[in-house]
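# Reading the structure
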Amino acid sequence: MEKLMQEFREDLGEFRQMTDKFYAGEVSMKDYKGFSGGFGSYAQKGGKASMLRLRMAGGRMTKEKLKFIADTIAEYGVDKVHFTTCQTVQLHNLDGKAVCEIMEKAMDVGIITRGGGGDFPRNTMVSPLSGVEEGEYFDVLPYAEAAADYLLTTIKTVKMPRKLKVGFSNSPANVTHATFRDLGFAAREDGKFDVYSAGGLGNNPRMGVKVAEAVEPSRILFYIRAMIDTFVAYGNYDNRSKARTRYMQETLGEEYKEAFLEKLAAVEEREDLTIQVSPRIVTKTGDGSIASGSRVIPQKQEGLYAVAYHPIGGIPSVTKFAEIYDAIREVDEAEVRIAPDETIYVINLTGAEAERVLAITEDGAKNLFETSVSCIGSTICQIGLRNSQGLLSSIVEEVRKHDFADGVLPRIHISGCTSSCGTHQIGTLGFHGAVRKVDGKPQSGFTFHVNGSDVQGEERFGEEWGVMLESEIPSFFVDLGKAVEAEHTTFDKWFAEDPEKLRKVAEKYL
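Residues numbered from 1 in each chain as written. Predicted model: local features only at pLDDT ≥ 70, side-chain atom pairs only at ≥ 80, totals over all residues. Heavy atoms only, no water.

## With respect to the overall build of the protein chain
When you go through the protein chain residue by residue, the secondary structure sums to 14 helices and 19 strands. Scaling as 2.2 N^0.38, a compact globule of 510 residues should have a C-alpha radius of gyration of about 24 Å, and the protein chain matches this with 22 Å. Dimensions of the protein chain, computed from the C-alpha atoms along their principal axes, are close to 65 × 65 × 50 Å. Per-residue burial for the protein chain yields a buried fraction of 58% across its 510 residues. Contacts in the protein chain between residues far apart in sequence, at least 24 positions, make up 68% of those at least 6 positions apart. A total accessible area of about 20,900 Å² is found for the protein chain, and carbon and sulfur atoms account for 47% of it. Measuring between centres, the 61 positive side-chain charges of the protein chain sit 5 Å from its 75 negative side-chain charges. (Helix = DSSP H or I, 4+ residues; strand = E, 2+ residues; numbered from the N terminus. Rg over C-alpha atoms; globule rule 2.2 N^0.38 Å. Buried < 20%, exposed > 50% of the residue type's maximum accessible area, 1.4 Å probe, protein only. Contact = heavy atoms within 4.5 Å. Areas by Shrake-Rupley, 256 points an atom, 1.4 Å probe, with all protein chains shown as cover. Lys, Arg positive; Asp, Glu negative; His and termini not counted. Charge placed at Lys NZ, Arg CZ, Asp CG, Glu CD.)

Here it is as structure tokens:
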């Protein structure tokens, strides 16, 4: 691994040269995107600034990494940060010099940006409270970290058709979408994994194919290598729009599982990828202090707590990193976990420590609806069609005027385009950027998705009900809130009782 890290450092010289040429106008946006993505950076819309994706396996942010981000924000005057649905931290509005320097310095604290974009294995995803969550089957994080290390070794040796996303879930909550990822490991009660392959959100979404059951955790790398080999053998290198793993279900049909297992057998014959992982044990114990509140989650370790913090749209104040670090710098075993819904959790806290973290994170979501998910949107993303962040902000602003009870409105998911970076396809209610014609003229709109779910055993993609005008969506949610409130219930109960009631509220907006 040390040799690989040195190679990554040597590659940074080439990145710096290309970035200098791009900002000097000597390289096109398209050519720069094709190059820079492999380093975890893209030029933002307009080509005047860059973003940098700090990948951390499983969204695990140690105190050292948290301090690095806080210090980086201060040193470079970073004014926008986003927690992503792939459990990474994105720094925005960087100039060419800053993006190069931050990328290099990040490696000193174990933050790798290489492969954060482009046709490479992406950040390995994990249930965010793995290891501390009550009711989990087992702690999957150590295995995911081993997988992440292995995937890094393929970056310089394998040319894949497109990106590869690998996820691990610790329970049927399935928040990492392990059952419909490019490759997913779903934990079982018996301490083993079921393995799913060739799923994914976005255009032509697909549920994963279950390719194996009751796999010993020590054997996960065999399946990862088999997934890579299957993708290389059968993935589409000619048409990028059909180059994701899920399209192999179309080209191979019912023979996909057989093709995967053939590659698995070949891997098993040629190399030994068995791993031995030491379990991570929380040695800290509670001190008798107690914390309570809707954002406090008791851990399976008696007397310890996690505190949830969800900045609206996953965009915290840039000072929040330093504030959280100052609160936990002397706290034994405390760390931060980034969740796939843009929430972060500060874990391994006593009751008194949890109360201090609660106090400095009061600016976040006040209820379920305000924990809604949004991608970064078209003001920054090159391919974004609509301003998803702007839509979420306008909805929250309008809804707050009516002071609905918690649960009257559900969490929603918004993507600026069909790529589903806001995971709109698995939301109870979801939206993706679209166009709606009014009197023959194109207007800004969002396609409305209804009744998606990512819960294992209940997975489904939402139905498309039509397109709403962006300007009218805040009013729709006010009307919806009033309809649910009138029946003195929550949205989930209201919708389950009669889905047609939602259609009646929505029909005038569609």
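## Description of the sheet that holds strand β4 (residues 80-83)
Taken in spatial order, the four strands make up an open sheet running β1-β2-β5-β4, and their pairing is antiparallel. Both edges of this open sheet fall to β1 (41-43) and β4, since each of them pairs with a single strand only. Between one strand axis and the next, the sheet turns by 20° as a mean value, whatever way the strands run. Relative to strand β5 (residues 89-94), strand β2 (residues 50-54) is paired through four bridges, and the arrangement is antiparallel. Considered in β5, the bridge of Arg-53 is made with Gln-90. Contacts from helix α2 (residues 29-36) reach β1 and β2, with the element oriented near 170° to β1. (Pairing = 2+ DSSP bridges. Axes fitted to C-alpha atoms, helices over the stretch in contact; angles between N-to-C directions.)

## Some remarks on a negative patch on the surface
A cluster of acidic side chains, namely Glu-254, Glu-255, Glu-258 and Glu-262, defines a negative patch on the protein surface. With respect to the helices and strands, Glu-258 occurs in helix α8 (residues 256-270). (Patch = residues over 30% accessible without salt bridge, like charges linked within 9 Å, V, L, I, M, F, W, Y side chains within 5 Å. Salt bridge = Lys/Arg side-chain N within 4 Å of Asp/Glu carboxyl O.)

## Thoughts on the pattern of salt bridges
If the charged atoms of two oppositely charged side chains come close together, the side chains can form a pair. Here the structure, examined in full by the defined rule, presents 36 salt bridges. Between Arg-114 and Asp-11 there is a salt bridge; the shortest N-O distance is 3.3 Å. Of the two residues, Arg-114 sits in the loop between α4 (96-106) and β6 (125-126) while Asp-11 sits in helix α1 (residues 2-23), which places them 103 residues apart along the sequence. Taken individually, Arg-114 and Asp-11 each receive the classification buried, so the pair is uniform in this respect. Put simply, Glu-250 and Arg-206 hold a salt bridge, and the shortest N to O gap is 3.8 Å. Here Glu-250 is found in helix α7 (residues 248-252), whereas its partner Arg-206 is found in the loop between β9 (193-197) and β10 (209-215), with 44 residues between them in sequence. For Glu-250, a relative accessible area of 38% corresponds to the partly exposed category. Taken together, the shared-partner salt bridges connect Arg-60, Glu-145, Arg-280, Glu-335 and Arg-337 into one network.

## A few points about the sheet that holds strand β12 (residues 305-309)
The strand order β3-β13-β14-β12-β11 describes an open sheet built from five strands, whose pairing is antiparallel. Edge strands, defined here as strands with exactly one partner in the open sheet, are β3 (60-61) and β11 (296-298). Pairing of strand β13 (residues 335-338) with strand β14 (residues 344-349) involves four bridges; the strand directions are antiparallel. For Ile-338, the partnering residue across the bridge sits in β14 and is Ile-344.

## Things to note about the packing of α1 against α4
Following both chains from N to C, one finds α1 and α4 inclined at 170°, their axes separated by 10 Å at the closest point. Between α1 and α4, the angle falls in the class roughly antiparallel. Contact residues: α1 offers Arg-9, Leu-12, Phe-15, Arg-16, Thr-19 and Tyr-23, while α4 offers Gly-96, Val-99, Cys-100, Glu-101, Met-103 and Glu-104. (Parallel < 35°, antiparallel > 145°, perpendicular 65-115°, else oblique.)

## A short note on unusual backbone geometry
For residues besides glycine, phi is generally negative; the peptide bonds are generally trans as well. Of note, Gln-87 is a non-glycine position whose phi angle comes to about 65°, a positive value. Within the secondary structure layout, Gln-87 lies in the loop between β4 and β5. Despite not being glycine, His-177 shows a phi value in the positive range, around 60°. Among the structural elements, His-177 can be located in the loop between β7 (166-169) and β8 (183-187).

## Some thoughts on the packing of α1 against α2
Contact geometry for α1 and α2: axes closest at 11 Å, N-to-C directions at 160°. When the interaxial angle is binned, α1 and α2 end up roughly antiparallel. Here α1 runs over α2; the crossing is left-handed. Between α1 and α2, the contacting residues are Glu-14, Phe-15, Met-18, Thr-19 and Phe-22 on the first element and Met-29, Tyr-32, Phe-35 and Ser-36 on the second. Among the residues forming the contact of α1 with α2, the class breakdown is six nonpolar, two polar and one charged. (Left-handed = near helix turned anticlockwise from the far one by under 90°. Nonpolar A, V, L, I, M, F, W, Y, C, P; charged D, E, K, R; others polar.)

## Re the layout of surface pockets
Counted as a void, the second largest pocket has a volume near 1,100 Å³. Every residue lining the second largest pocket is counted, 47 residues in all, and those nearest its centre are Val-175, Asp-341, Leu-368, Thr-371 and Arg-411. Listing elements by their share of the lining of the second largest pocket, those giving two or more residues are β12 and α13 (491-497). It is α13 that provides the largest number of residues to the lining of the second largest pocket, a total of four residues. Considered class by class, the residues forming the lining of the second largest pocket number 19 nonpolar, 17 polar and eleven charged. (1 Å grid on protein atoms, 1.4 Å probe; cavity = no way out; pocket = protein on both sides within 12 Å on 5 of 7 lines; lining within 4 Å. Points joined across faces, edges and corners; volume = space filled by probe spheres on them.)

## Side note on the state of the cysteines
Enumeration over the complete set of coordinates arrives at zero disulfides. In this structure Cys-375 is not part of a disulfide, and its nearest cysteine sulfur, from Cys-421, lies 6.0 Å away. Take Cys-375: its relative accessible area is 11%, and that puts it in the buried class. The class for Cys-421 is partly exposed, based on a relative accessible area of 44%. (Disulfide = S-S within 2.5 Å.)

## Here we look at the environment of Ser-444
Relative to the helices and strands, Ser-444 resides in strand β18 (residues 441-450). Sequence separation between Ser-444 and Ala-226 is 218 residues, and the spatial gap between their C-alpha atoms is 43 Å. If we ignore the near neighbours within four places in the chain, the residues touching Ser-444 are Arg-386, Ala-434, Met-468, Leu-469 and Glu-470.

## Thoughts on the packing of aromatic side chains
As enumerated under the stated definition, the model contains 23 aromatic pairs in all. Consider the rings of Phe-168 and Phe-193, whose centres lie 5.7 Å apart with planes at 75°: the pair is edge-to-face. Of this pair, Phe-168 sits in strand β7 while Phe-193 sits in strand β9, and the two are 25 residues apart along the sequence. Summarising the aromatic geometry, the rings of Phe-185 and Phe-193 are spaced 5.7 Å apart at their centres and angled 70° between planes, so their arrangement reads as edge-to-face. For the residue pair Phe-185 and Phe-193, the accessibility class agrees, reading buried in each case. Here a set of aromatic residues connected by ring pairs shows up, and it is made of Phe-369, Phe-431, Phe-448, Trp-465, Phe-476, Phe-477 and Tyr-509. (Phe/Tyr/Trp six-rings, centres within 6.5 Å; stacked < 30°, edge-to-face > 60°.)

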